[in-house]
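Here is what each chain is made of, one letter per residue.
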Amino acid sequence: MPHPSADQPAALVIRTAGTNCDAEMVRAFELAGARADLVHVDRLIESPARLDDYDLIGFPGGFSYGDDVASGRVLAMRLRLHLYPALRAAALRGAPMIGVCNGFQALVQLGMLPGPERAGDWPEDAPPAQSVALTDNISARFIDDWTAVEIDEQSPCVWTRGLVDSELPEEARARVLLMPLASGEGRFVAATDEGLKELERRRQVPMRYAENLNGSMGRVAGICDASGLIFGLMPHPDRYLDWMNHPFWTRLPGELRSGDTPGLRMFRAAVEHVKSGGAAGSSTIQGSDSKGARV
Amino acid sequence: MSPASAARPETQTSQRDDSALGSTVRRVEVASRAGRTDPRAEAVRRQARTLGLALDDVRFAQVYLIEARLDGAQLQRVAELLLASPVLQMWTEGASPAPDGALTVEVHPLPGVMDPAAQTVRDAVREITGLDEIAVSTGRRYDMAGVTREQADLLARRLLANPVVHAIHAEPWRPQSLPRGGPAPFEVRTIDILKLTEPELEKLSREAHLFLSLDEMKAVQAEFRRLGREPTDIELETLAQTWSEHCVHKTLKSNIRYRAEDADDTIDFRGRPGHTVTDTGEVVINNLLRSTVVAATHELIADGVDWTLSVFVDNAGIIAFDDEHAVCVKVETHNHPSAIEPYGGAATGAGGCIRDIIGTGLGAKPIANTDVFCVAYPDHWVEKELNAKGAEERGGKKSGKRGSDSSDAAALNISALALPPSSSETSEFNLPAGCLHPRRILNDIVAGVRDYGNRMGIPTLNGAVWFDDRHVGNPLVFCGCVGVMPRRFTHGDAQPGDRIVALGGRTGRDGIHGATFSSAELTDTHADEFSHAVQIGNAIEEKRVLDAILRARDAEGGPLYTAITDCGAGGFSSAVGEMGEKLGAEVHLERAPLKYDGLTYTEIWISEAQERMVLAVPPEKLDALRAICAEESVELCELGEFGTEGEELILRYTGKEVGRLSMKFLHDGIPTPVREATWKRPTPIKLKSSESREPAPPDKALLQLLAHPNIASKRWIVRQYDHEVQGATLIKPLVGAEGEGPGDASVIEPVPGTGRGLAIGAGLATGFGDPAVGGDPYLMALAAIDECVRNLVCVGADPERIAILDNFCWPSCARPENLGALVRAAEGCYDGAKAYRTPFVSGKDSLNNQFTTDGGVTIEIPPTLLISGIGVVPDVRCCVTMDAKRAGNRLLLVGRTGAEMGGSHAQKLGFAVPDAPTPRVDLREGPRLARAVAGLIERGLVSSAHDCSEGGALVAVAEMLIGACPERSDAGALGADIDITKIVRTGGLAASFLSDAFGESPSRYVLEVEAAKLNDVRTALGDLPWTEIGEVTDIGRLRTRGSEVDLAVQELKAAWLAPLDW
């Protein structure tokens, strides 16, 4: 059983049939200073209260239920039917959540992203209706490639906080701040253009592709909820925990390959947020709290 | 965005004629909303264009047929929660009308064909509605404007569906009920063979798809005469499966009488293990495989190679990785299924090889996949029906459908010399009847491997594609898998009393006779005759099985089973037969969970339905295993028990005995006849093109070589594969500044965080053994091993820790010439493995790869030997990549270059005479060079390293520059100045710029070294042959000293990227 403590937050990584990036995400949380449990979604559906034990929640990548019908669709449906109240409670107590790739696809269809307009306004009975989608790449093909990303440093997103290494010269930053993308249905689409503008205005687009490999609207790579605690993205920070994951590390000078990788920095930022009292199993409503912690 | 403003699904309910609330088939269509881009529809348009058809418009819809007692509200809930995206799609109940002028094609899986999405939807509908009785079928609907009905139907067959596994409807399909099987009447069938004459035995073997030889049929007859009874059908089938080439490798393991028809100074047969040279110069070989490939490994083990843990006995070979972990590796082929249904064939090829890894020892975790494909040149073949001219010509002539005539097929031997697609002399052939177009085959096999590997979460990270028109009817699909396991789990042994437990997918009528089918020869009617051998995979089922097995293996108190193997070729028959070989086994066939009713006991026994594993489980551990399987949603079934009196295989159905065979006869009863093999150096085929052609200008030759499909970028394929899942891919298949450089091998970290790596690579040197150019399979085998080792060394592998695998794909070895070629390749494996100290740890062969056209012409594939290798990288920080790093660095060519253009790509392009000599690996110098280069890399003296093979030295340098090339600008882009005449030549043959630059002599490396490190390199290389051939520059051009070549790297890159940019 997890023992949440300020020193070592507890992370829950949720897997199901077809999840295949769970080990990477567990490792990411562990390297970032959390302890991580990998739990099958069926066990959580049997006892949703287990979610209450965790400070952070991760939805890893893969092909949940074969991505039959659409990527993440069946997982989203099952979460909606069985686990929304527990996830809502986690959101309300300020637990950072991350959905990577297939996890992002599920969170979007579940309605946890982009979430309610105002932080904390989670409807009680059912999650907000789906308002954005991730669908077939414009090439209609699966793409595995690395891409440079742009970070909105004004976003409330706790996961991308400090991701841009301001110490580095811009040219070096551009060589390092890359993310691996591996998806067939990664193209971001908002239901309406206005919807996307609204998200941008509220700084809920913390990450964009520098090069739009999959044809996403607004080059959106990831979005967060209004509180900045729940973040979903198509790229895989969990595959960029070591410098030797970098696509051309053999060309990088040694000094650029030191410290945390950008992938690990993301998990570190969320774990540190919890450690600094952002969530830590407390029952505070996160809205103002997380803003306070960010300063 | 407030919830209120969020999109709601648009619903449009069309008229339904059956409002009654019964168990009817409800049809739901899900399509893109108007105005939304639909990449799937666009892709159909794009692909139709490659077939010469311009579609004005395509609309795509997913179709779900749900048979259940759903009321309207339930259906709506299912559609909105599950089937349609509210943001992107709209759903319709029933069949929407086709747009004006559009023709409908709808594709559904044939009854009994695996439909994974239907299973998922069925379970989800059950969860949403609480209903129990639900059947689902999925389909795809295309509405196409701008084509005739005939063209639409052709598109359906050529692009959208494969009639072997799909039903094609010309209008929306609205069945009254979904097909399901009915119960099969049960009676025990015996087959009368005791009195059959020899011709009758042969007839029975062919017609019942047993594919046993006359000798084998006679052995079966003798056994049942001894028993004094006729065999049952299931007994004959069990013998046919177990004795199939696929399962028992009877050709490679047979005794061979080999005779060289002309003087042979290449191989000395004296003193080889298991070989006897007679006075007349014939060589008698006792068990070819054991006397060559296996012998090399055992001699190496005796000579101090102490890191192999399991060789040739398990589903995969196992070597030590570190003190705690072992890695295992296996490569399989799935050629014949891929010829008929490339998507399913390749996917299940990948899935089967992955299961081999899961079923190695007590179970390994798959951590990498590999794939190599051999297909015909897509641009050389036309499908008459689809081009307008062909349609006109066809007129009323029915025979127009039967594509190839014998003169085309006869010309194949010429085209085998692979003219470049751009050449005006390229012959275009009519696709023979019974063949799928090579473009479709390549597209679909890539998709099959992609979908299986990606879904399983296993990175596919090494591969190659080899083009040759002789693969038109018989493509090759090699799928490999690498696994990691704790060293204590490398061996398993079933115990008497253990339960026979099947895990995973249900058994259906798919894949019947796959094992024996692989022994058959492909012909123009194979698709009809063997459609039952084809299967569609379900990767998520296999992923669930993997999750469950790893939990059961790692259970507290030890594994919950004593042995494990996969259900591959031959199904339960092979799996249970192998595991129970020493114990006997009793099986109750009615216990196997079925996909549908109606299977006979024999079908259950030999079905090759996918995603199944067989475990030997001690009775007291069964409950714990059952619990894990329940948690992972994996079906478990107890089929019977290992251990019988007298070690028999006893098969029962509903209690009644249907078969009884002694394990001894099953496994040792196969006769081992002496097979005849001959060798005569084949006469090269004279190419008209090479006689008439002027020597090519070197710069044009370089661009043509880079654009040769064998050499050109495979990024279109590599980037469709998730080669980074599991997060441990440290050297990726594509490397360099923009991820375009063709890496020599990939490196993964099997145990993340340990800093110890595993390099995965391959060698393929088909050109050197090609009979069309007078090649010698012995030299081909040496070159393939040499290339595999170099590929691994170039990324940082320790050449003292490389294990290799053999995969022979050969034309029929009933022809003594082909068996002679096989003998020579096997001798090459023995010599090469010993010289490089690279033990073979596993392998597989496929020995009937040829296609006979309806005109009766047999097209044999070129003998093909894939050598795959894994090599331990002691410290991943020492890895290097092949992309050029910095201006001012020196370029070194290590190794000797001869004027031996035989089998080279320059020769394929007509730049060398047809009877040019084929290079031979120097077995003393080659291994020394590999060790020396590895030493340089380990000491950090090398900035980049690239093996020098297809296309030769200048192509290797060009690739290193392409790897360094930034995409957008030339400013500061790296280039190179090369003096190719400086290379170290072997004596004897007159060299030219072409042979220096484009010859494919083996054992060569291009290294990039900082000027300051040259002295250390010089000292380290000592007396080995090497020279400095040039320098990296910053002017973005590749130039040779005599200005023979002066080309922008961007131009090289464009030529290299273009051919396979599909």
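Computed from a prediction, not measured in an experiment: that's the story for all the values here.

Caption draft 1: Just the overall build of chain A, in detail. When helices and strands are tallied, chain A shows nine helices and 11 strands. Taken over the C-alpha trace, chain A has a radius of gyration of 17 Å; the compact-globule value for 295 residues is 19 Å, and the two agree within 12%. With the principal axes as the frame, chain A shows a C-alpha extent of 50 × 45 × 35 Å. When each of the 295 residues of chain A is scored for burial, the buried share is 67%. Nonlocal contacts in chain A, meaning residues at least 24 apart in sequence, comprise 78% of its contacts between residues at least 6 apart. With the model as given, the accessible surface of chain A reaches about 9,300 Å², and the carbon-plus-sulfur share is 47%. A gap of 1 Å separates the mean positions of the 30 positive and 39 negative side-chain charges of chain A.

Caption draft 2: Summary view of helix α18 (residues 539-553) of chain B. Taking 1.5 Å of rise per residue, 15 residues should cover 21 Å, and α18(B) covers 21 Å from first to last C-alpha, within 8% of that figure. For α18(B), a buried count of 14 out of 15 residues is recorded, marking the element as mostly surrounded by other parts of the structure.

Caption draft 3: Highlighting the nonpolar core. Grouped together as the largest cluster of nonpolar side chains are 132 residues, with contacts concentrated most on B:L702, B:F808, B:F998, B:L1007 and B:L1038. Sorting elements by how many residues they give to this core places helix α26 (residues 777-795) of chain B first, with 14 residues. Residues within four places of B:F998 in sequence aside, it is in contact with B:P698, B:A701, B:L702, B:L705, B:M901, B:S904, B:A906, B:G951, B:G952, B:L954, B:V955 and B:F993. With 112 residues, the next largest nonpolar core counts A:A10, A:I223, A:L256 and B:L83 among its residues.

Caption draft 4: The arrangement of the sheet that holds strand β36 (residues 858-860) of chain B in detail. Residue and element names in this part refer to chain B. Reading across the sheet, the three strands line up as β20-β35-β36 and stay open at both edges, with mixed pairing between neighbours. Whereas interior strands pair on both sides, the edge strands pair on one side only; in this sheet they are β20 (522-523) and β36. Strand direction decides the pairing type here: strand β35 (residues 850-852) and β36, joined by three bridges, are antiparallel. Each residue of the ladder has a partner; that of Q850, found in β36, is E860.

Caption draft 5: A look at the pattern of salt bridges. Within this structure, the stated rule accounts for 87 salt bridges over all chains. Two residues, A:R265 and A:D165, come together in a salt bridge whose shortest N-O distance is 3.7 Å. Here the residue A:R265 occupies a position in helix α8 (residues 262-275), and A:D165 occupies one in the loop between β6 (143-151) and α6 (170-176), the gap between them amounting to 100 residues. Judged by relative accessible area, A:R265 falls into the partly exposed class, the value being 24%. Notably, a salt bridge pairs B:R815 with B:E860, separated by 2.7 Å at the nearest N-O pair. Placement of the pair is B:R815 in the loop between β33 (802-809) and α27 (816-836) and B:E860 in strand β36, with a sequence separation of 45 residues. Given a relative accessible area of 35%, B:R815 falls into the partly exposed group. Residues joined by salt bridges that share partners form a network here, namely A:R15, B:K543, B:D547, B:R551, B:E631 and B:E632.

Caption draft 6: Quick look at the environment of B:I340. Along the polypeptide, B:I340 turns up in helix α11 (residues 335-340). Residues B:I340 and B:I458, 118 residues apart in the sequence, show an inter-C-alpha distance of 26 Å.

Caption draft 7: Inspection of the state of the cysteines at higher detail. Residues and elements named next belong to chain B. Using the criterion set out here, one finds zero disulfides over all chains in the structure. Between C435, a cysteine without a disulfide, and C374, which holds the nearest cysteine sulfur, the sulfur-to-sulfur distance is 16 Å. With no disulfide of its own, C809 lies closest to C374 among cysteine sulfurs, the gap being 7.3 Å. The class of C809 is buried, set by a relative accessible area of 0%.

Caption draft 8: Local environment of the confidence of the model for chain A. Summary statistics for chain A give a mean pLDDT of 92 and a share of 92% for residues scoring 70 or more. Segment residues 280-295 of chain A: pLDDT under 50, and 26 contacts once partners within four positions in sequence are set aside and those in other chains are kept.

Caption draft 9: Just the packing of aromatic side chains, in detail. Tallied over the entire structure, the rule returns 15 aromatic pairs over all chains. Aromatic pair B:Y601 and B:Y653: ring centres 6.1 Å apart, planes at 45°, arrangement tilted. Of the two residues, B:Y601 is situated in helix α20 (residues 601-606) and B:Y653 in strand β25 (residues 648-653); the sequence distance between them amounts to 52 residues. An aromatic cluster is defined as three or more aromatic residues linked by ring pairs; in this entry it consists of A:F29, A:W159 and A:F267. For B:R439, the ring lying beneath its charged end belongs to B:W1062, and the centroid distance is 4.3 Å. Just above the ring of B:F572 sits the side chain of B:R612; from NZ or CZ to the centre is 4.4 Å.

Caption draft 10: Structural context of the packing of α26(B) against α27(B). All names here are of chain B. Packing of α26 against α27 brings their axes to within 7 Å, and their N-to-C directions diverge by 35°. The hand of the α26/α27 crossing is right-handed. Counted together, P777, Y778, A781, L782, I785, D786 and V789 of α26 and A821, R824, A825, E827, G828, C829, D831, G832, A833 and Y836 of α27 form the full contact between these two elements. A per-class count over the contact of α26 with α27 returns 11 nonpolar, two polar and four charged.

Caption draft 11: Expanded view of the packing of helix α2 (residues 72-83) of chain B against helix α3 (residues 116-129) of chain B. All names here are of chain B. Between α2 and α3, the shortest axis-to-axis distance is 10 Å and the interhelical angle comes to 125°. Comparing their axes, α3 and α2 come out oblique. Relative to α3, the crossing made by α2 is right-handed. In contact with Q74, R77, V78, L81, L82 and L83 of α2, α3 contributes V121, A124, V125, I128 and T129. Split by residue class, the contact of α2 with α3 holds eight nonpolar, two polar and one charged.

Definitions and cut-offs
Residues numbered from 1 in each chain as written. Chains lettered and ligands numbered in written order. Predicted model: local features only at pLDDT ≥ 70, side-chain atom pairs only at ≥ 80, totals over all residues. Heavy atoms only, no water. Helix = DSSP H or I, 4+ residues; strand = E, 2+ residues; numbered from the N terminus. Rg over C-alpha atoms; globule rule 2.2 N^0.38 Å. Buried < 20%, exposed > 50% of the residue type's maximum accessible area, 1.4 Å probe, protein only. Contact = heavy atoms within 4.5 Å. Areas by Shrake-Rupley, 256 points an atom, 1.4 Å probe, with all protein chains shown as cover. Lys, Arg positive; Asp, Glu negative; His and termini not counted. Charge placed at Lys NZ, Arg CZ, Asp CG, Glu CD. Expected span 1.5 Å × (residues − 1). Core = buried A, V, L, I, M, F, W, Y, C linked by side-chain atoms within 4.5 Å. Pairing = 2+ DSSP bridges. Salt bridge = Lys/Arg side-chain N within 4 Å of Asp/Glu carboxyl O. Disulfide = S-S within 2.5 Å. pLDDT = per-residue confidence, 0-100. Phe/Tyr/Trp six-rings, centres within 6.5 Å; stacked < 30°, edge-to-face > 60°. Lys NZ or Arg CZ within 6 Å of the ring centre and 35° of its normal. Axes fitted to C-alpha atoms, helices over the stretch in contact; angles between N-to-C directions. Left-handed = near helix turned anticlockwise from the far one by under 90°. Nonpolar A, V, L, I, M, F, W, Y, C, P; charged D, E, K, R; others polar. Parallel < 35°, antiparallel > 145°, perpendicular 65-115°, else oblique.

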